[in-house]
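# Examination of the molecular architecture
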Amino acid sequence: MAQGSDSNDTSYKSPSPGSRPSSSDDVKKVMRREKNRIAAQKSRMRQTQKADSLHLESENLEKENAALRKEVKQLTEEANYLSSVLSSHEPLCTGLAPQTPDLLYPTHQSSYHRQHISVPHYQR
Amino acid sequence: MINNILSKYLLLLQNSVFSSEPTDKTTERNTPSPIDPDAIEVDINFQPDPTDLVLSSVPGGELFNPRKHKFSDEELKPQPMIKKAKKVFVPDEQKDDKYWSRRKKNNLAAKRSRDARRLKENQITVRASFLERENAALRQQVAELRKDCGRCKNIVARYEVKYGPL
């Protein structure tokens, strides 16, 4: 946006209204014009400042977002690795060997044999 | 997925009883998904004001999507200021057709420029609030993952103390 050098540009003046422009009217006009000029300048300045701070915040958010995504990726990979270490160890694990089948499959031999003719025994 | 394995080893470390099948058959089998590099990773949770979205969208194009639209650093840097030409007073006699056609052209260009700037600012605003939400969700995800890793490492450490290296 073009904004550089209109700091105190008062070279342009519109023609005064009416056939008998009094000097007091002119003075009032000039004063109003000047007030408006300053207000417009302030408004533009506020707008640029607001935009600048928004852009700065946005830049930080983008950077933070990228860093967080990277971290999530690293941590997920680590978690998957650790989990796979445990998973792949499990079938080889001596500590995890099952206890005596009694605990898992409590046997009531007599009752079984009375009710069923052939009983498949599951052994591990 | 991790909880499954961990609970097995937890049981082992805490008692001596071990069941070969997970008792909870309802735990789903999570096949590890390939890690997409940053491409699409996040949880959906953003409901922006539809007016804001419309104000951020190019008329005649598709609706603005804050998730997709990243703003690069150069786009965000403060705009360079062009020196404005001084206002020169032009008397009515000199305001011929050429003059007015030039004025019209410039007025339209100025309007386009203002509209484009306003649109861009709206887009950046919507994207910023989206990123705030997404970053919060990501931070939560990081915390969860750290917890998972911690538990795994803890289990491995306790196991190795008892039974030696894996």
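Residues numbered from 1 in each chain as written. Chains lettered and ligands numbered in written order. Predicted model: local features only at pLDDT ≥ 70, side-chain atom pairs only at ≥ 80, totals over all residues. Heavy atoms only, no water.

Within chain A, the secondary structure is distributed over three helices and zero strands. The order of helices and strands in chain A, counted from the N terminus, is α-α-α. Looking at chain A as a whole, 20% of its 124 residues qualify as buried. Here chain A displays about 9300 Å² of accessible surface, and carbon together with sulfur accounts for 55% of that area. (Helix = DSSP H or I, 4+ residues; strand = E, 2+ residues; numbered from the N terminus. Buried < 20%, exposed > 50% of the residue type's maximum accessible area, 1.4 Å probe, protein only. Areas by Shrake-Rupley, 256 points an atom, 1.4 Å probe, with all protein chains shown as cover.)

Moving on, we come to helix α1 (residues 2-14) of chain B. Taking 1.5 Å of rise per residue, 13 residues should cover 18 Å, and α1 of chain B covers 18 Å from first to last C-alpha, within 8% of that figure. Here α1 of chain B has its buried residues at I2, I5, L6, K8, Y9, L12 and L13 of chain B. The arc that holds the buried residues of α1 of chain B, viewed along the axis, is 155°, so those residues lie on one side. In the core, the buried residues of α1 of chain B are packed alongside α1 (23-89) of chain A together with α4 (97-163) of chain B. (Expected span 1.5 Å × (residues − 1). Arc of directions from axis to C-beta. Contact = heavy atoms within 4.5 Å.)

Residues and elements named next belong to chain B. Across chain B, the average pLDDT comes to 80, with 77% of residues at or above 70. Across chain B, α4 holds the top mean pLDDT of 93, while helix α3 (residues 73-76) sits lowest at 70. Contacts of residues 17-31 to residues separated by more than four positions or lying in other chains number eleven contacts, the stretch itself having pLDDT below 50. (pLDDT = per-residue confidence, 0-100.)

To continue, consider the pattern of salt bridges. Applying the stated criterion across every chain, the model contains twelve salt bridges over all chains. The partner of E71 of chain A in a salt bridge is R146 of chain B, with the nearest N and O atoms 2.3 Å apart. Taken together, the residues span two chains, with E71 of chain A in helix α1 and R146 of chain B in helix α4. Judged by relative accessible area, E71 of chain A falls into the partly exposed class, the value being 21%. For R118 of chain B, the salt bridge identified is with D115 of chain B, shortest N-O distance 3.5 Å. Of this pair, R118 of chain B and D115 of chain B are both found in helix α4, three residues apart, which corresponds to roughly one turn of the helix. (Salt bridge = Lys/Arg side-chain N within 4 Å of Asp/Glu carboxyl O.)

Attention now moves to the packing of α1 of chain B against α4 of chain B. All names here are of chain B. As a packed pair, α1 and α4 sit with axes 10 Å apart at the nearest point and diverge in direction by 35°. In terms of crossing hand, the pair formed by α1 and α4 is left-handed. Contact residues: α1 offers I2, N3, L6, Y9, L10, L12, L13 and Q14, while α4 offers D148, R151, C152, I155, R158, Y159, K162 and Y163. Classifying every residue of the contact of α1 with α4 by side-chain character gives ten nonpolar, two polar and four charged. (Axes fitted to C-alpha atoms, helices over the stretch in contact; angles between N-to-C directions. Left-handed = near helix turned anticlockwise from the far one by under 90°. Nonpolar A, V, L, I, M, F, W, Y, C, P; charged D, E, K, R; others polar.)

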